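The residues making up each chain are set out below.
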Amino acid sequence: MSVLRLHNNLTRRREDFVPLDPQHVRMYVCGPTVYDLAHIGNARADVVFDVMARLLRVLYPRVTYVRNITDVDDKINARAQASGESIGDVTARTLADFHADMASLGTRPPDVEPRATQHIGEMIVLIEKLIASENAYAAEGHVLFSVPSYSKYGHLSGRSPEDLLVGARVDVAPYKRDAGDFVLWKPSTPELPGWDSPWGRGRPGWHIECSAMSWRYLGENFDIHGGGDDLLFPHHENELAQSVCAFPGSQFARVWVHNGMLTLNGTKMSKSLGNFLTVRDVLKIAPAEAIRLLLLRAQYSQTLDFSEAALLECKRDMDRFYRALERTPAERAAEIPGTILAALCDDLNTPAAFAALHALADAAMAGDAGAAAGMLAAGDVLGLFQQRPEDWFRSGDDAAEIEALVQARFDARKARDFAEADRLRAALDARGIQLEDSATGTIWRRS
């Protein structure tokens, strides 16, 4: 069996992955805060960890993949106030949009998708444990984690105490014992979401949410914690600190894996900067599998630049792969080709996997059915080749319109109105549509 090696941000080196239980791998990934449509940068994390989960399922008998939903947050409150909607309506609508957008990109649902609002009880239990161990304290309706109480704070992100304070952009509130202390619980005014607690009606801080949900579904220790590298500090640093303090002797997550950010034409993509494209924007430019290929084309930990030119190049690559599968039809192989599996086990080296996939496509174009079968098997772990080649070449928002034009041309030929048939063929040709006529009808595809 291939040995999976992953770069562990906790140790800052690439290591052989050794699960706590070889029969059951457990992975937690930070999911979305549901207040707006997902942008293409958000989608990168979901696609990367979808491939990670697919690969783990190839290598191990059982995998539990947990991806949370943050549905209580100040951004959600602000969006509800600005839109005039209720908070529940904002989160329900946005979560449905997120599910639809990720499904359009071929990502499979996680095994468990906990919502923060359904786990307030677990959060209160953790906060009580932290107060009892003197790692947290209550002050003016707030509960704060005492950063100086945890001597290893900063180990995950590798930052100095001075850097940590600057990087956290913390509020220096008078009730804090130390400027770097972070909120576990905060009071809620009547118009804001709130729950009864030993410290009054309030709501959780963001960081305690993930600690509670990972504990609930994966236990005090689990194998992999994933997320975008923008979460490394302070979110993941704080998660680690509060979790190991709540459960002395625990390790929390053994391997920390972070995907790199996505830039747009060389510029940082950010909702706060207004510089982003939603998944739905990009689906208007190219098919979903071309988008998925682009999101995986660079190794997950590297910054990836998104441009329309790069996306169209990925569309051409997908055309080539589907032409190979069209030329040499085959059933899916029982096993993933060794070259593909070896690349993915090398810290999810998708660029090397795609290089191997191109080699298989060369062989399939030459009539090698085994290579075509291997391509389909590789597609299962990469989330590609999920449709028939003929459907790939006929997909698009204008497919129904093109079908109507093709049928109109066929009818004109049948009626021996060759001038009209030629006019329609020229119109289709101008749109890049290739036609193959037969006695029973006309097949079309995009060039």
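Our structure's up above, just so we're on the same page.
Residues numbered from 1 in each chain as written. Predicted model: local features only at pLDDT ≥ 70, side-chain atom pairs only at ≥ 80, totals over all residues. Heavy atoms only, no water.

1. So, the pattern of salt bridges
Phase 1: Scanning the model with the defined rule gives 24 salt bridges in all.
Phase 2: Residue Arg5 is joined to Asp16 by a salt bridge in which the shortest nitrogen-to-oxygen separation is 2.5 Å. Of this pair, Arg5 sits in strand 1 (residues 5–8) while Asp16 sits in strand 2 (residues 13–16), placing them 11 residues apart in sequence.
Phase 3: The exposure class assigned to Arg5 is partly exposed, which follows from its relative accessible area of 32%.
Phase 4: Arg93 is the salt-bridge partner of Glu85, the closest N and O atoms lying 2.8 Å from each other.
Phase 5: Connected through shared salt-bridge partners, Arg14, Asp346 and Asp347 make up one network. (Salt bridge = Lys/Arg side-chain N within 4 Å of Asp/Glu carboxyl O. Helix = DSSP H or I, 4+ residues; strand = E, 2+ residues; numbered from the N terminus. Buried < 20%, exposed > 50% of the residue type's maximum accessible area, 1.4 Å probe, protein only.)

2. Here we look at helix 13 (residues 369–382)
Phase 1: When the terminal C-alpha atoms of helix 13 are compared, their 20 Å separation across 14 residues agrees well with the 20 Å that a helix rising 1.5 Å per residue should span.
Phase 2: The buried fraction of helix 13 is high, at 11 of 14 residues.
Phase 3: Turning to helix 13, its buried residues are Ala371, Ala372, Ala373, Gly374, Met375, Leu376, Ala377, Ala378, Gly379, Val381 and Leu382.
Phase 4: Those residues of helix 13 that are buried lie in contact with helix 1 (40–59), helix 9 (288–297), helix 10 (308–327), helix 11 (338–345) and helix 12 (350–365). (Expected span 1.5 Å × (residues − 1). Contact = heavy atoms within 4.5 Å.)

3. Overview of the sheet that holds strand 13 (residues 304–306)
Strand pairing in a sheet takes place through backbone hydrogen bonds and is either antiparallel or parallel in direction.
Phase 1: An order of 12-11-13 is seen for the 3 strands of this open sheet, with the pairing classed as mixed. One side of each edge strand has no neighbouring strand; the edge strands of this open sheet are strand 12 (267–268) and strand 13.
Phase 2: With 3 bridges joining them, strand 11 (residues 262–264) and strand 13 adopt parallel strand pairing. Counted as the bridge partner of Leu264 is Phe306 from strand 13. (Pairing = 2+ DSSP bridges.)

4. Details of helix 7 (residues 232–246)
An α-helix turns once every 3.6 residues. As a result, residues three or four positions apart point the same way.
Phase 1: If you check helix 7, its first and last C-alpha atoms are 20 Å apart, about what 15 residues at 1.5 Å a residue would give, namely 21 Å.
Phase 2: The element helix 7 is largely enclosed, with a buried count of 14 among its 15 residues.

5. Looking at the state of the cysteines
Phase 1: Across all of its chains, the model carries 0 disulfides by this definition.
Phase 2: Left without a disulfide partner, Cys30 is nearest to the cysteine sulfur of Cys210, which lies 3.8 Å away.
Phase 3: Note on Cys210: relative accessible area 1%, which makes it buried. (Disulfide = S-S within 2.5 Å.)

6. Describing the nonpolar core
Phase 1: Counting 84 residues, the largest nonpolar core has Leu56, Leu357, Met375 and Phe385 as its most contacted members.
Phase 2: The contacts of Leu56, once residues within four sequence positions are left out, are Leu4, Phe17, Val25, Met27, Val63 and Ile224.
Phase 3: Grouped together as the second largest cluster of nonpolar side chains are 41 residues, Tyr153, Trp199, Leu231 and Val244 included. (Core = buried A, V, L, I, M, F, W, Y, C linked by side-chain atoms within 4.5 Å.)

7. A closer look at the packing of helix 4 (residues 120–132) against helix 7
Phase 1: Where helix 4 contacts helix 7, the axes come no closer than 9 Å and their chain directions differ by 70 degrees. If you check the angle between helix 4 and helix 7, you find them roughly perpendicular. Where helix 4 approaches helix 7, its residues Leu126, Lys129 and Leu130 are matched on the opposing element by Gln242, Cys245 and Ala246. (Axes fitted to C-alpha atoms, helices over the stretch in contact; angles between N-to-C directions. Parallel < 35°, antiparallel > 145°, perpendicular 65-115°, else oblique.)

8. Some thoughts on the packing of helix 9 against helix 12
Phase 1: Between helix 9 and helix 12, whose axes approach to 8 Å, the crossing angle comes to 125 degrees. In terms of orientation, helix 9 lies oblique with respect to helix 12. The residues of helix 12 that touch helix 9, namely those facing Leu293, Leu296 and Arg297, are Thr350, Pro351 and Phe354.
Phase 2: In terms of residue class, the contact of helix 9 with helix 12 is made up of 4 nonpolar, 1 polar and 1 charged. (Nonpolar A, V, L, I, M, F, W, Y, C, P; charged D, E, K, R; others polar.)

9. Side note on the sheet that holds strand 9 (residues 221–228)
Phase 1: Pairing in this open sheet of 4 strands is parallel, and the strands run 4-3-9-10 from one edge to the other. Both outer strands of the open sheet, strand 4 (63–67) and strand 10 (252–259), are each paired with one neighbouring strand and no more. On average, each strand axis in the sheet is tilted by 20 degrees relative to the strand beside it, whichever way the strands run.
Phase 2: Lying on the sheet, helix 1 is in contact with strand 3 (25–29), strand 4, strand 9 and strand 10; it crosses strand 4 at an angle near 165 degrees.
Phase 3: In this fold helix 6 (residues 206–218) packs onto strand 3, strand 4, strand 9 and strand 10, with an angle of close to 160 degrees to the strand it touches most, strand 3.

10. A short note on the pairing of strand 5 (residues 136–139)
Working note: regular strand, side chains alternate between the two faces of the sheet.
Phase 1: Bridge analysis of strand 5 against strand 6 (residues 142–145) gives 4 bridges, and the strand direction is antiparallel. Bridging across to strand 6, Ala138 finds its partner in Val143.
Phase 2: Taking the residues between adjacent antiparallel strands as the criterion, strand 5 and strand 6 are bridged by 2 residues, where Glu140 takes a positive phi near 55 degrees.

What is shown is where atoms sit, not what they do.
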